[in-house]
Structure formats: structure tokens, C-alpha cells
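Structure assessment
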Amino acid sequence: MSGRFVRSSKYREIFFPSPQAARNLTGSRTRLRTANEKGALRTPWALLRVDIISHSSQEQCYDNLRISKNAWDTNLVKANPKYLSVNWEAGGGGAFAVIPLEERGKLPERIPLFRGHTAVVLDTDWNPFNDDLIASGSDDGKVFLWRVPENFTLRPDLDPDEIQDVAPVGKLSGHPKKIGHVLFNPAAENILATASGDYTVKIWDIEAGAPKLTLNLGDIVQSQSWSANGSLLVTTSRDKKLRIWDVRQERPAHETQGHSGAKNSRSVWLGEHDRIATTGFSKMSDRQLALWDIRAPREPINGFKTLDSISGVCMPFWDEGTQCLHLAGRGDGNIRYFELENDKFEYLAEYKSADPQRGIAFMPKRGVNTHDNEVARAFKTVNDSYIEPISFIVPRRAETFQDDIYPPTTGLKPAMGPSEWLAGKEAIPPKISMANLYEGEGLKEVTGVQDAPTSTMGASEPEAAPAPKAAEPSPVKKAPEPAPEPTPVAKPAPSMKEQGASMAAMVSKFADDEEAETVEEDSSFEEVQKPVERPARSPEASSPSIKTSPWHQKEEEVKTKAASPAKSSPVITPAAAPSDISTGAAVAADAVQREIGAIKDLIAEQTKTIASQAQQMQSLTAEIESLKAKLG
């Protein structure tokens, strides 16, 4: 055994049938053609194969783009199951492009843009409950809302000069400086968070068109991420602080020191977990990954993990379905993915590419291709000129739905409206079945709106702790009840000691041994007959721990056993299943009868023993009187 243990995971062997694999072959096309011209290539099919693959590669990408070259640190691209949004390099103001996913290949020189900002667009975000609604933030300090027109296409049957740009349908004004990040609430409808250069994050009700809440950070926000129930927001900022905001209270519930490096850091909420992942840099500019518990975020769990020494920040993306975290390096072409298990990120594998990415987006789970066992799909920018899709495929031979890799996922129905959210409601949106998407039956809900913990800091686990404590006090209070019973039984013990005769003590001891054997036989038989009563009797059985003489201790145990079925019978009856009530009652009645018979036999034997001891007392008394008479 060489021995290195490899952790098992169904996502370890993911492969990537992306255009990148095809483009790796195009580099050899020139060499193959040269060899063919020289006559050294006997099978020109290899050259033909490279040409075919290269052609298919171009068809799968979104080419001829003018991606924004602005240095602001955002992902540049956002995706939903219908469209891509791309920050656009446009003169005369700011704009972004919306690309229908089915319109691949080389795009026309003139396409309809979403234009309206007076400065460069810095970030966009799709509404999670409406695939046609998108928000944008710009360097002009404005937030615009846009609706994708019906039958929108980048290739209209019009002359280039007749193509019309798309105008915004709403405008949100309130920030005096640039807006670097926009992010919709994942649980509440029409709630939007915007981070600005004025060192604040504003929370908007886009239906009302007004900011409802304001979070004051005191420095530039570098990233933000909502919790799954939409009640908390995590931010990283230029002051190197990690803050977890109780948004509706407009205050940070926790604030701690994040990554110590001078470069940017990112954060992402790990779905429905009470965990946050952050990426950043150390003081030595090494890239780091950290996992935080939101209830005690003073230090990251297991500390900061060093990744490498590349200069670009890692862009984190969480996949709730696979429980995997994807890290896409900004400035390099690799995408690592880790599986979360036991509060630890287990490294699985890495997508490697020679083409660096400046921006990247991941598709929501309801948009992946379940027929190809695609568990994730990313869209990365390459050379600021085209976007390349990357599919994460789990290798499976079966041509059926793989339910183990496709759990229910979030659909298009929110958990609450904006007024409910502002009033303090916390809930998780209903889930939809991925199996129905596989069968082509559309979105079908499999769960309703799930109530979230009322405590904003994940009180589900603290609430679980008092549950057993609440169950323990009742047995603890019952435990002292048998204590008064041994007290009257223990009183005869001093009278026995007053006899002062060794013979009586030996007779008493001998009688106790016989009774102990009888009681042990009965008790062992009864333990087999009462498996159902054990949970209810366990507190009672532990109570007679008061140390007395062996004879009295055995007598107390028998009385306790006789009393416990009667006391526990009301507890057993509701605990048992309805079909087993009569059987349990019969078993309990038989057990009680046997206990009563054993007690009667024991009392009879004890009566005989007491009578013999009384006779011995009389004889001893007579001897003492005779001795006194002789001495007198």
C-alpha cells in the first residue's frame, strides 16, 4: 500500500467539455497544415478534425464583444437561465449588453445596448424572481432598472443605423457617489442592496422607488452577499473589516478583522448554512481562503488557508446543490472547486486554462442541462472580446435523472413581499423539482415557503440545546420522589442493631442473601418483558441510589419496580403507536401481577424471619435475666 488516502466524492471526477478543450487543438492546426504541405502528414483527417472542432468552438462562445476595461473590481458578467449581462466599453456614457444565451457565435458589430447612464456601468444583477428584470449601478451614482423586451434579439432584421437601444424603466437616486455593487435579496421580492463610494449600503424597495434602510460602513465596500433567508448581509471593505449586518436594524451584528492584505477581498454566503466564505490576501500578498461561523466570527474556522501567490483576487461562488465552493482567479484562467464537509473545504479538482479571466458568472441551478449531468455552468471573459461557457459535467453512464446530484433548488417564487420583509419576516423561498425540469414539465414546487429562525444570528442551533434540558428537569424532579420511601424502611435498621447479638446479625445476613437471589431472578425476568417502558423508567431506576443496608436496599428496589409500571403506564400509553396500545396494556398488567406476587412472597418470608428473630430475642432476654440473677 503506497498509501495516500483519497477522499471519495461524486464531484471529484468532473470533466469540462468546454470550447477550451477544442481551442487547445487549434494551436496545432498550423503545425499540422505545414506537415501536410510537406507531405509528412499521411492522414489529413487529423487536420480536418481540428478544423471542425475549432469551428464548433467559435459557435459555442459569444464572440466580438467589447467588454468594459474599467479597473473597478466586479465580476463584469451576470447570468440567468435566459440571458447574460456584460459591462460594455461604450463611449458617450455608460452601457451594458444583454445577450440571449441561444445567440452564440460572432455577434454583429452593432447590437442594441442597454444605455442610459452618463458614466461607465460598474455592476449589474438579475432579479432572482423575474428573468427579464435587471438592475445596474454606475459611476454616475444612479441605479437604473431595466426590462428586457419581448423577443429580444441581437440580430434584428434591421439596418445597423435603425437599431434602437433599450431605455431604463426605473431610476433610483440617493447615492451622491459611484455605485460599485448592486445585489437583489434572494428571499424577498424587489429588495435591492446598493453599495456606494459614499461609504454606505442602501436597501431599496424598487416598487416604491425609495431607499428604506441605510448601512454606514465608513469605507469603500468591496463585496456584499445576502443570507439565504434575506435577513443578514455580509460585507468586506477597504478597512479590512468583515461585517455581518442585521439589515433591518441598520447595524452590524458582528464586526471582525478580515484578511490582512492590502488588496481586495471577497465574501459569499454559503446558502442556507450559518457559514460565510471569504477570499483575500495575507500581508505577504498570498491569496487566502477562510471559512467563518456567523455566530462566532472573531476568528475564521481553522484559520486562513493559503492558496497561492497569484496577484488577482479569487472570485467565490457557492453552489447549494452540490455543496461546493468555486474559486475563479481574477487574472488567471483556473477555477478551483472545494466541497464543504465538517466545517472544512475539501479540495476536489481544478479547471485549468491558459486564457485568463477578468470576470465570470455562474448559472443558477435551474438553468443547467440535467440531461448531460451538468451540475454547474460558468461564463468567463477572455481577452475582453468574447465569453466562453464552461460546463461542469459529472460522468454518469445512466440515461436517467440523477436525483443524487440534483436536489430541489430555488425557483421563481419569492418567500415574501417587500412590506413583509421590512416588517421583519424571515423565510426561505420554496424549492422546485429538478426532476420536473428533466422531464420537461416546467417549474413545479416541491416545498412551500420555509420558515427561517426568528433570531437573526442563526438561533436554530442554540434552540436545539435547551430542548434536552427542558426534557431533563421533569425526570430530575421525579427522581427525589422515591427518596422518602427508603426513609421509613430504613428506620427498623437501628432497632436491629440494638439487638447487639452476633447470632441475630448472622441470621439476618443469611436471610438477606436468599432474598437477594430471589429478587435478582425476578428483576432479570422483568427486564426482558419491558423494553418499551425503559425510556420512561430510566429516571425512576436511577433514583434509588441512596446507600442503605443490603437487605433494605433490595426491598427498596423491589418496591420501586412494583411502583414504576403504575407510574409509567400513563406515559407509555401515548408514546406507543395506536395499533400497539392494547398489547402494551396487557404486557404492563401481567408485569404488575408478577411484581405483586413477588412482593407477597417476599413479605411472607420476611414475616417468618422476624418471628424467628423475635423468638431469639426472647431467649436472649431470658438468658440475660438469668445472668443478672446469678450476678445479683
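Cut-offs used in this document
Residues numbered from 1 in each chain as written. Predicted model: local features only at pLDDT ≥ 70, side-chain atom pairs only at ≥ 80, totals over all residues. Heavy atoms only, no water. Helix = DSSP H or I, 4+ residues; strand = E, 2+ residues; numbered from the N terminus. Buried < 20%, exposed > 50% of the residue type's maximum accessible area, 1.4 Å probe, protein only. Areas by Shrake-Rupley, 256 points an atom, 1.4 Å probe, with all protein chains shown as cover. Phe/Tyr/Trp six-rings, centres within 6.5 Å; stacked < 30°, edge-to-face > 60°. Lys NZ or Arg CZ within 6 Å of the ring centre and 35° of its normal. pLDDT = per-residue confidence, 0-100. Contact = heavy atoms within 4.5 Å. Pairing = 2+ DSSP bridges. Axes fitted to C-alpha atoms, helices over the stretch in contact; angles between N-to-C directions. UniProt positions renumbered as here; feature names shortened; annotations may be inferred. Salt bridge = Lys/Arg side-chain N within 4 Å of Asp/Glu carboxyl O. Core = buried A, V, L, I, M, F, W, Y, C linked by side-chain atoms within 4.5 Å. Polar contact = N/O pair within 3.5 Å; in protein donor to acceptor, adjacent residues only side chain to side chain.

1. Considering the overall build of the protein chain
The secondary structure content of the protein chain amounts to 14 helices and 33 strands. Counting over 632 residues, the protein chain shows a buried share of 47%. On the protein chain, roughly 31400 Å² of surface is accessible, and the fraction owed to carbon and sulfur atoms is 53%.

2. Describing the packing of aromatic side chains
Counted under the stated rule, the structure contains 19 aromatic pairs. For the pair F338 and Y347, a centre-to-centre distance of 5.6 Å together with 65° between the ring planes defines the contact as edge-to-face. When its relative accessible area of 2% is taken as the criterion, F338 is described as buried. On the basis of relative accessibility, which here comes to 38%, the residue Y347 falls in the partly exposed class. Taken together, the aromatic side chains of F16, F317, Y337, Y351, F362 and F392 make up a single cluster linked through ring pairs. Here the basic side chain of K263 rests over the ring of F281, its NZ or CZ set 5.0 Å away from the ring centre.

3. With respect to the confidence of the model for the protein chain
In this model, the protein chain carries a mean pLDDT of 79, and residues with pLDDT of at least 70 account for 71%. For the stretch residues 40-56, pLDDT sits under 50, and the model shows 21 contacts to residues farther than four places along the chain or on other chains.

4. Concerning the sheet that holds strand β6 (residues 114-117)
The strand order β2-β3-β4-β6 describes an open sheet built from four strands, whose pairing is antiparallel. With one partner strand each, in any of the chains shown, β2 (77-79) and β6 form the two edges of the open sheet. Going across the sheet, the axis of each strand differs from the next one's by a mean of 20°, ignoring polarity. The pairing of β2 with strand β3 (residues 83-88) spans three bridges and is antiparallel. Residue pairing in the sheet places K78 in a bridge with S85 of β3.

5. Things to note about the UniProt feature "repeat: WD" (unreviewed entry) in the protein chain
What UniProt calls "repeat: WD" (unreviewed entry) maps, in this numbering, to residues 114-156, 172-214 and 221-255. Strand forms 66% of residues 221-255 and helix 0%; the C-alpha atoms that close the span are 14 Å apart.

6. Points about the sheet that holds strand β19 (residues 266-269)
Across the sheet, which stays open at both edges, the four strands sit in the order β19-β20-β21-β22 with antiparallel pairing between neighbours. In this open sheet, the two strands that pair with only one neighbour each are β19 and β22 (301-308). Along the sheet, successive strands turn relative to each other by an average axial angle of 20°, direction set aside. One ladder, built from four bridges, connects β19 with strand β20 (residues 275-281); its direction is antiparallel. Considered in β20, the bridge of V268 is made with A277.

7. Some thoughts on the pattern of salt bridges
Evaluated as defined, the whole model comprises 27 salt bridges. A salt bridge links D319 to K365; the shortest N-O distance between them is 3.0 Å. Highlighted residues: D319 in strand β23 (residues 314-319) and K365 in the loop between β27 (360-362) and β28 (374-382), separated in sequence by 46 residues. Judged by its relative accessible area of 9%, D319 falls in the buried class. A salt bridge links R358 to D384; the nearest nitrogen and oxygen atoms lie 2.9 Å apart. Here the residue R358 occupies a position in the loop between β26 (345-351) and β27, and D384 occupies one in the loop between β28 and β29 (386-393), the gap between them amounting to 26 residues. What you see here is one network of salt bridges that share partners, running through R275, D293, R295 and D343.

8. Some details on the side chain of S353
Structurally, S353 can be placed in the loop between β26 and β27. For S353, a relative accessible area of 12% translates into the label buried.

9. So, the nonpolar core
One finds L84, I387 and F392 to be the most contacted residues of the largest nonpolar core, which totals 59 residues. Residues in contact with L84, not counting those within four places in the same chain, are Y62, V77, K78, A79, A97, V98, I99, L101, W126, F379 and I387. Core analysis: the second largest hydrophobic core is formed by 20 residues, A193, A195, V247 and W421 among them.

10. Section: the side chain of H175
Inspection of the secondary structure puts H175 in the loop between β10 (170-173) and β11 (179-184). A polar atom in the side chain of H175 sits 2.8 Å from the side chain of T194.

11. A few points about the environment of V268
Summarising the element assignment, V268 is placed in strand β19. What makes V268 buried here is its relative accessible area of 11%. As for V268 and S227, which are separated by 41 residues in sequence, their C-alpha atoms are 8.9 Å apart. Residues in contact with V268, not counting those within four places in the same chain, are S225, I276, A277, P316, W318 and L325.

12. Considering unusual backbone geometry
At S285, a position not held by glycine, the phi torsion is positive, near 65°. Relative to the elements of secondary structure, S285 occurs in the loop between β20 and β21 (287-293).

13. Considering the pairing of strand β9 (residues 142-147)
Where strand β8 (residues 133-138) lies against β9, five bridges are found, and the strand directions are antiparallel. Each residue of the ladder has a partner; that of S136, found in β9, is F144. Between β8 and β9, which pair antiparallel and follow one another directly, the connecting turn spans three residues, one of which, G141, has a positive phi of 80°. Relative to β10, β9 is paired through four bridges, and the arrangement is antiparallel.

14. Quick notes on the environment of I432
Locating I432 in the fold gives a position in strand β32 (residues 431-432). As for I432 and E445, which are separated by 13 residues in sequence, their C-alpha atoms are 4.1 Å apart. Apart from residues lying up to four places away in sequence, I432 is in contact with R366, P408, T409, T410, G411, L437, L443, K444, E445 and V446.

15. What about the pairing of β21?
Two faces make up the sheet, and in a regular strand the side chains alternate between them. Where burial is concerned, most of β21 is hidden: seven out of the seven residues are buried. Burial along β21 is two-sided: the face carrying R287, L289, L291 and D293 and the face carrying Q288, A290 and W292 are both buried. Direction of pairing for β20 relative to β21: antiparallel, over a ladder of seven bridges. Bridge pairing links I276 to W292 in β21. When β21 meets β22, the two strands line up antiparallel, connected through four bridges. Looking at β22, one finds that L291 is bridged to I301.

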